[in-house]
Amino acid sequence: KNQQVSNHTTYNGMEEEVKAFLINEEQLHTFDDLTKVNPVTTATVLKCLQARYATSLFYTHAGCTLVALNPFQPVPNLYSFNIMRDYHTASRPQDLQPHIYIVAELAFRNVQGQVEPINQSLIVSGESGAGKTWTSRCLMNYFATVAASSTSAKCQEHVERIEKRVLDSNPVMEAFGNACTLRNHNSSRFGKYIQLQLNRSQQLEGASVHTYLLEKTRVAYQAPSERNFHIFYQILVGLLNLGNVGFSSPADESQPCELKEDTKGFLKTTAKLLRVCEEDLGEQLRVRTITAGRQQQVFKKPCSRTECGTRRDCLAKVVYAKLFDWLVKVINTSICSDPSTWTNFIGLLDVYGFESFPQNNLEQLCINYANEKLQQHFVAHYLKAQQEDYTAEGLDWSFVRYQDNQSCLDLIEGSPASVFSLLNEECRLNRLSDADQFKGRLQKALGANNCMSWDVFSKVPHFTVAHYAGRVSYQIEGMTEKNKDPVPPELVQLLQKSQDALLKQLFPVAEQDLCDAKALSKAISVVAKFKGSLESLMRILNSTTPRYIRCIKPNGDCKPHLFRSQEVLTQLEACGIVETIHISAAGFPVRCLEQLECARSQMLSHKATFIQSSWRHYRRRKLARLRRATTVLQAAVRSWLTRRWIKKCHYAATVVQ
Ligand code: ATP
Ligand code: MG
């Protein structure tokens, strides 16, 4: 094999630790479960993963989680039908080579539960480009295949149709929701939780998709060397027309901006595609309508060139976001089954990975907040809960320290004061956005939180948050405006008047309620909406048995055969893999619910009593039968003896005669 695993190790001070551990370097790749590594340190774990990566072993158990290294190239036969069959038919799939199919198979076997259905969630996490979406796709393929294999020939066609629909929805959603970024050529720009609905016979009945916070700003703005959503390069060259409409400042400020001569054609095409009046579109992009005074007088105010650009981008973003939501709804209508037909579900969570760019804004804050929430879910479910259980049950246990991210979450979403609450206050009071003033408010309210800091030398208003996965600086400029996410009411009214049936559906007239300024200030902010949807996701996750897959990106260049120790190290530390291994290695491999265990032992004791009583009953019946037989025998002997005696008497009488 032509493997060139380069080592850019800069983890100074760890070499001695690794040397002591490297007794037999050739055997390192055989550690298929990191709980077997001794001693468990970040360095030794890293060395094992590196050795496994070099021998094309991309999956490794790490206690309750599975570590998945991204090969960055297709691996022959890793996901073939035969491999799926091997894992599905194995009596103990855990005994086979580590694979995402083990996690999938265990979820599939446990979803029915011993007493009642136990819904399962597979939480796939990792930074951008680590392989979450790829892994989720492979898992979906697996479930679709094994659920179809348990189907009778009669239902086969029905199940195959559902399976095809569910799998076919993936490329459509990726086309509209994924884009090429600096870190991943197919980066998911929305979060996704897909529920595969199964019936009592473990057959796939349907699925439903929940999506989270599409990064709609990408429609209007992409960072250098990044691209818009894939669909624009595939079929939708038209919604790009709007982006090409340009404005030039007027000589007289009381007059509206002029449309740039060479972009007038783009406005015409946009109006034609949106099926709205071209003049109206041109006017609404350049002139603002203000309602003021007691008599609610209407004024028209020409917008500046920048404002015209903002209005144009707003229009593009709102149409795209509504279209995406509509698409998800249509997909759900097509793949979702009647609730009466399914009894349990397996959920697959694929959310955008942790992000830290040179410039970060509200989008990154929301994405990193979502990752903090998931990390907390993991910490609460595994690291914290397991240790608390051991202590409560009086087991001999020395506490393993782990990084709890509660104070970071308090900083972002807590009450009464947090970044989100202060952002929402700006939105509620409809304050004019001023970055320096907002920074002052943040400093006053949150300066005491250890997770918040400021670079005193920076000239740009910002704040830095110490996330579990690293420190990220967020620019304040534009943040409050993004949180308000205002849509000019005139533009919404224009879209409501469109002749296009789909646009009419996307912008129903009822939304007019939101069009006056007062209602706009009451409109739910971006972070409030996102927080709400994440909370409902957490409620779903908390009601299921979670299983974790940690995707790791071996190098930032997305190249095969390249393992950069420092980059992997950062990711391993960020997800607390060493703590997880420590707890898994020291903890108990199997945990059963007390009620279940009681039920089981009760069943066993019933069985024993039943056997005992059956034996007694059997012995009693056997003795009775024996006694009966003895009596019959005695009677027979007696009668035989009597008959013999009579015969003898007869003989004697004859002789005497
Ligand atoms: P983001 O958070 O940006 O959406 P992601 O974690 O979803 O990132 P993916 O899109 O799943 O990342 O993976 C990035 C790329 O890595 C894929 O397009 C693919 O080329 C490659 N890749 C990931 N996993 C595998 C795998 N198991 N085998 C081969 N290639 C893979
Ligand atoms: Mg993805």
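Whatever comes next refers back to the structure up there.
A short tour of the structure in this document, coming up. Since the model is a prediction, treat every value here as computed from it, not as a measurement.

Rules used throughout
Residues numbered from 1 in each chain as written. Chains lettered and ligands numbered in written order. Predicted model: local features only at pLDDT ≥ 70, side-chain atom pairs only at ≥ 80, totals over all residues. Heavy atoms only, no water. Near = heavy atom within 4 Å. Polar contact = N/O pair within 3.5 Å; in protein donor to acceptor, adjacent residues only side chain to side chain. Areas by Shrake-Rupley, 256 points an atom, 1.4 Å probe, with all protein chains shown as cover. Pairing = 2+ DSSP bridges. Helix = DSSP H or I, 4+ residues; strand = E, 2+ residues; numbered from the N terminus. Axes fitted to C-alpha atoms, helices over the stretch in contact; angles between N-to-C directions. Contact = heavy atoms within 4.5 Å. Patch = residues over 30% accessible without salt bridge, like charges linked within 9 Å, V, L, I, M, F, W, Y side chains within 5 Å. Salt bridge = Lys/Arg side-chain N within 4 Å of Asp/Glu carboxyl O. Lys, Arg positive; Asp, Glu negative; His and termini not counted. Charge placed at Lys NZ, Arg CZ, Asp CG, Glu CD. Buried < 20%, exposed > 50% of the residue type's maximum accessible area, 1.4 Å probe, protein only. Donors = N, O, S within 2.8 Å, 3.2 Å for Na, K, Ca; no water.

This part takes up the site of ligand 1. Residues in close proximity to ligand 1 total 19 residues, the closest being Y79, S128, G129, K132 and S187. Between ligand 1 and N70 there is a distance of 2.9 Å, counted from an oxygen atom to a side-chain nitrogen or oxygen. Between an oxygen atom of ligand 1 and a side-chain N or O atom of K132, the distance comes to 2.7 Å. The fraction of the free accessible surface of ligand 1 (630 Å²) that becomes covered by protein chains is 93%.

A separate point is the sheet that holds strand 3 (residues 65–69). Judged by pairing direction, the sheet is mixed, and its seven strands sit side by side in the order 2-3-17-4-13-7-8 without closing on themselves. Edge positions in the sheet fall to strand 2 (59–62) and strand 8 (204–212), since each has one partner strand and no second. Going across the sheet, the axis of each strand differs from the next one's by a mean of 20°, ignoring polarity. Note: strand 4 (residues 120–125) against strand 13 (residues 344–350), five bridges, orientation parallel. Residue I123 lies in a different strand from strand 13, and its bridge partner there is L349. The strands that helix 4 (residues 100–110) touches are strand 2, strand 3, strand 4, strand 7 (191–198), strand 13 and strand 17 (545–552); relative to strand 17, the one it contacts most, it runs at about 170°. In this fold helix 5 (residues 132–149) packs onto strand 4, strand 7, strand 8, strand 13 and strand 17, with an angle of close to 160° to the strand it touches most, strand 13.

Before going further, it helps to spend a moment on a positive patch on the surface. A cluster of basic residues, R621, K622, R625 and R628, forms a positive patch on the protein surface. With respect to the secondary-structure elements, R628 resides in helix 23 (residues 594–656). R628 gets classed as exposed once you look at its relative accessible area, which sits at 54%.

Our next topic: the side chain of T135. In this fold, T135 is placed in helix 5. Of the residues examined, T135 reaches a relative accessible area of 5% and is grouped as buried. Among the polar contacts made by the side chain of T135, one reaches the main-chain carbonyl oxygen of G131 at a distance of 2.6 Å. In this view, T135 contacts I100, V124, I549 and C551; residues no more than four positions away in its chain are not counted.

What follows is about the coordination of the magnesium ion (ligand 2). Every protein donor of the magnesium ion (ligand 2) is accounted for by T133 (OG1) and S188 (OG), and the metal-donor separations fall at 2.0 to 2.1 Å. With a gap of 55 residues between them, T133 in helix 5 and S188 in strand 6 (residues 187–188) connect regions that are remote in the sequence. Each member of the pair, T133 together with S188, is buried.

Moving on, we get to the sheet that holds strand 16 (residues 470–475). Pairing in this open sheet of three strands is antiparallel, and the strands run 14-15-16 from one edge to the other. This sheet does not close on itself; its edge strands, each paired only once, are strand 14 (452–453) and strand 16. For strand 14 and strand 15 (residues 462–467), the ladder comprises two bridges, and the chain directions are antiparallel. When the bridges of strand 15 are listed, M452 appears paired with V465.

Let's shift gears to the side chain of R183. Secondary-structure assignment places R183 in the loop between strand 5 (178–179) and strand 6. At 3.4 Å, the side chain of R183 and the side chain of E127 are in polar contact. At a separation of 3.5 Å, a polar atom in the side chain of R183 contacts the main-chain carbonyl oxygen of F354. Setting aside chain neighbours within four positions, we find R183 in contact with E127, S128, G129, F354, E355, S356, F357, K553 and C558.

Such coordinate-based values are descriptive only and should not be taken to indicate function.
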